[in-house]
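What follows is the residue order along each chain.
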Number of protein chains: 2
Amino acid sequence: MRRSDCPISNVLDHVGDRWSLLVIRDIALYGKRSFTELLDSAEHVATNVLTDRLRRLEQTGLLTRTRDSGDARKNIYRLTQRGRDLLPILIEMILWSARHDPQTNAPPELVRRAQTDRNALIADLQARIDAVDGR
Amino acid sequence: MRRSDCPISNVLDHVGDRWSLLVIRDIALYGKRSFTELLDSAEHVATNVLTDRLRRLEQTGLLTRTRDSGDARKNIYRLTQRGRDLLPILIEMILWSARHDPQTNAPPELVRRAQTDRNALIADLQARIDAVDGR
DNA sequence: AAATATAACTTGCAAAAAGCAAGTTAAATA
DNA sequence: TATTTAACTTGCTTTTTGCAAGTTATATTT
């Protein structure tokens with residue numbers, strides 16, 4: 001499983017594929033929490049791949065799965081603190097694309113705050129996640 | 001090729017696999033510049049995969065390939081500005097592992113500077129890359 | 001000059017992962 | 001009761017990865 005003791009390699013062992021960080025993104029930034037919501041993204045992940053990624057992310061402690069108390073068919077996927085702490089990596093990716101690939105739709109206001117007010121932005125985004133999760 | 005206009009997805013389209021960012025790491029942080037040096041990492045990438053990743057990273061403008069003037073067998077792989085600008089992402093990955101997986105060998109001094117003196121650290125790392133590349 | 005070594009691949013093949021469509025099960029809604 | 005929805009699961013094909021061996025051009029050693 002773990003390829004080396006390198007901290008970068010370690011992160012890639014968790015989320016170093018084309019889908020895992022998109023799941024994290026959808027939960028962290030778009031407030032998605034259920035399987036069908038996560039399925040419904042512009043990148044069109046296959047159901048079996050999404051099932052697999054959710055299981056792996058749960059197993060490695062990046063998110064939790066609970067049954068919806070209101071609708072027993074639904075699972076609710078929430079980020080753990082480990083998962084929420086991937087936010088800075090997502091932010092840096094947004095900044096990279098904003099700089100080097102302006103065709104992507106990085107929200108200008110978010111980019112501006114990330115550059116001027118990084119820590120406060122991250123705190124705000126964390127707070128928003130907590131709010132959605134009722135914390 | 002591009003799955004969506006999302007800036008995060010865009011970065012993953014470039015380096016969203018288990019090897020590309022390790023190549024970037026080895027060039028940016030360990031001063032490696034040739035194929036054999038890049039082969040010789042703890043994670044043991046296969047030659048055909050390394051060849052493929054170098055070609056892709058070159059095609060998407062993250063690095064350049066030139067012949068070594070001293071030894072005509074050697075290629076020299078250097079990061080472009082696009083590639084060097086991935087450094088903040090690598091830094092955040094190191095911080096994540098330092099926090100959540102202390103078994104990894106994140107250099108404590110680098111972690112400390114990343115937390116207290118982020119911009120200066122990144123400038124220093126950039127300068128070191130430039131120095132290796134003779135800029 | 002000939003033999004050996006090195007750098008950077010390339011090829012072939014088996015195994016793993018991804019992608020796609022269709023099917024399944026349990027729970028909710030009409 | 002019939003239909004819809006949520007979350008998978010299965011089967012199958014394509015793509016990617018991993019591993020070992022082979023190739024070509026250049027450099028070094030004898």
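If you're wondering where the values come from, they're calculated on a predicted model, not measured in any experiment.

The rules behind these values
- Residues numbered from 1 in each chain as written.
- Chains lettered and ligands numbered in written order.
- Predicted model: local features only at pLDDT ≥ 70, side-chain atom pairs only at ≥ 80, totals over all residues.
- Heavy atoms only, no water.
- Axes fitted to C-alpha atoms, helices over the stretch in contact; angles between N-to-C directions.
- Helix = DSSP H or I, 4+ residues; strand = E, 2+ residues; numbered from the N terminus.
- Parallel < 35°, antiparallel > 145°, perpendicular 65-115°, else oblique.
- Contact = heavy atoms within 4.5 Å.
- Least-squares fit on C-alpha atoms with pLDDT ≥ 70 in both.
- Near = heavy atom within 4 Å.
- Polar contact = N/O pair within 3.5 Å; in protein donor to acceptor, adjacent residues only side chain to side chain.
- Buried area = accessible area lost by both parts, 1.4 Å probe.
- Salt bridge = Lys/Arg side-chain N within 4 Å of Asp/Glu carboxyl O.
- Nonpolar A, V, L, I, M, F, W, Y, C, P; charged D, E, K, R; others polar.
- Expected span 1.5 Å × (residues − 1).
- Buried < 20%, exposed > 50% of the residue type's maximum accessible area, 1.4 Å probe, protein only.
- Arc of directions from axis to C-beta.

(A) Molecular detail of the packing of helix H7 (residues 108–116) of chain A against helix H8 (residues 118–132) of chain A. Residue and element names in this part refer to chain A. For the pair H7 and H8, the least separation of the axes is 5 Å and the interaxial angle reads 125 degrees. Considering their axes alone, H7 and H8 lie oblique with respect to each other. On H8, the residues touching Leu 110, Arg 113, Ala 114 and Thr 116 of H7 are Arg 118, Ala 120, Leu 121 and Asp 124.

(B) Here's a closer look at the relation of the copies chain A and chain B. Mapping chain A onto chain B calls for a rotation angle of 180 degrees and an axial translation of 0.0 Å; the resulting RMSD is 0.0 Å. A rotation of that kind, with that shift, is consistent with a two-fold axis. Every residue of chain A has its C-alpha some distance from the rotation axis, and the shortest such distance is that of A:Asp17, at 2.3 Å.

(C) The protein's contact with DNA strand D, seen in detail. Around DNA strand D, the surrounding shell holds 19 residues, and the nearest of these are A:Thr36, A:Arg73, A:Tyr77, B:Asn48 and B:Arg53. Backbone atoms, meaning sugar plus phosphate, form 73% of the atoms of DNA strand D positioned within 4 Å of the protein. Side-chain polar atom of A:Thr47 to a base oxygen of DNA strand D: 2.9 Å apart, as the coordinates give it. At 2.7 Å from a base oxygen of DNA strand D is found a side-chain nitrogen or oxygen belonging to A:Arg73. Of all the secondary structure elements, the ones that give two or more residues to the surface near DNA strand D are helix H3 (35–39), helix H4 (47–59) and strand E2 (75–79) of chain A together with helix H4 (47–59) of chain B. Ranked by residue count, the leading element in the surface near DNA strand D is H4(A), at 4 residues.

(D) Representation of the interface of chain A and chain B within the structure. If you look at the interface, chain A gives 43 residues, while chain B gives 43 residues. Summing both partners gives a buried area of about 4,000 Å² for chain A against chain B, and 63% of it is carried by carbon and sulfur. Among the residues of chain A in contact with chain B, A:Arg3, A:Ile8 and A:Trp96 are the three that bury the most area, contributing 19% of the side total. Here chain A is connected to chain B by 6 salt bridges. Connecting chain A to chain B are 24 residue pairs in polar contact (both at pLDDT 80 or more). Sorting the residues of the side of chain A that touches chain B by element identifies helix H1 (7–15), helix H2 (20–28), helix H5 (81–84) and helix H6 (87–100) of chain A as the ones contributing at least two each. When the residues that make up the side of chain A that touches chain B are grouped by side-chain class, the tally is 19 nonpolar, 11 polar and 13 charged.

(E) Quick look at H8(A). The end-to-end C-alpha distance of H8(A), which contains 15 residues, comes to 21 Å, matching closely the 21 Å that a straight helix rising 1.5 Å per residue would cover. Burial in H8(A) covers these residues: A:Arg118, A:Leu121, A:Ile122, A:Leu125, A:Gln126 and A:Ile129. Projected down its long axis, H8(A) carries its buried residues within an arc of 135 degrees, all on one side. In H8(A), the exposed positions that point more than 90 degrees away from the buried face belong to A:Asn119 and A:Ala131. On its buried side, H8(A) packs onto H2, H5, H6 and H7 of chain A together with helix H6 (87–100) and helix H8 (118–132) of chain B.

(F) Seen up close, the protein's contact with DNA strand C. By nearness alone, 19 residues border DNA strand C, and A:Asn48, A:Arg53, B:Thr36, B:Asn75 and B:Tyr77 come closest of all. Contact distances for DNA strand C include 3.0 Å between a phosphate oxygen and a side-chain N or O atom of A:Trp19. Contact distances for DNA strand C include 2.7 Å between a base nitrogen and a side-chain N or O atom of A:Asn48. Elements that contribute at least two residues to the surface near DNA strand C include exactly H4 of chain A together with helix H3 (35–39), H4 and strand E2 (75–79) of chain B.

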